[in-house]
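Working through the structure, step by step
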Amino acid sequence: MTDPKRNDIFEDANGMKVAVKQLYPPNALGVSFVEYKNLSDSNLRFLPKEQFLEGFRWVDNFGSTDTFVKVVLEKEAKSIEAEEAAKAAEATGESDSPAEATEAAEKPTDDGVRTAAPTRSS
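About the criteria used
Residues numbered from 1 in each chain as written. Predicted model: local features only at pLDDT ≥ 70, side-chain atom pairs only at ≥ 80, totals over all residues. Heavy atoms only, no water. Pairing = 2+ DSSP bridges. Helix = DSSP H or I, 4+ residues; strand = E, 2+ residues; numbered from the N terminus. Salt bridge = Lys/Arg side-chain N within 4 Å of Asp/Glu carboxyl O. Buried < 20%, exposed > 50% of the residue type's maximum accessible area, 1.4 Å probe, protein only.

Attention now goes to the pairing of strand β3 (residues 33–38). Residues in a regular strand project their side chains so that they alternate between the two faces of the sheet. Pairing geometry for strand β2 (residues 17–23) and β3, over five bridges, is antiparallel. Each bridged residue has a counterpart across the sheet, and for Val20 the counterpart in β3 is Tyr36. Across five bridges, β3 lies against strand β4 (residues 44–48) in antiparallel orientation. Its bridge partner being in β4, Glu35 is matched across the sheet by Phe46. In this antiparallel pair of consecutive strands, β3 and β4, the connection spans five residues.

As a further point, take the pattern of salt bridges. Within the structure shown, the criterion is met by two salt bridges. Residue Glu11 pairs with Arg57 through a salt bridge whose shortest N-O separation is 2.8 Å. A residue pair is termed long-range when its members are at least 10 positions apart, and Glu11 in strand β1 (residues 8–11) and Arg57 in strand β5 (residues 57–61) qualify at 46 residues. Residue Glu11 is classed as buried on the basis of its relative accessible area of 15%.

Moving on: unusual backbone geometry. It is generally the case that most residues other than glycine have a negative phi and that most peptide bonds are trans. Even without being glycine, Asn7 reaches a positive phi, approximately 75 degrees. By secondary structure assignment, the location of Asn7 is in the segment before β1. Here Asn7 falls in the buried class, since its relative accessible area comes to 14%.

Set out below in structure tokens:
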């Protein structure tokens, strides 16, 4: 495996396992860093990608996904599908009555994020 990705598990020659947290894009000198941590402690460590791949070999991955990313992608997919359905309805002339269209336009969309007014503490 030549490209470490988030949640990949690597192992060194001594059997110590590490989890990749992030792969940084190349800097001005073209060096890409890998942010990782040992599974036995919580300290973050950094190594250049080439040096990391020399010392560690890929073993497994967590098999999990970031739930926030998954929710956002699902919402984007649903909104894209809704837009395509609306365009298809307009193209075929199958639009709802004007009253229903107005109700749908006035109805706020719930994206799962709530805004709150700032509070003042004494």
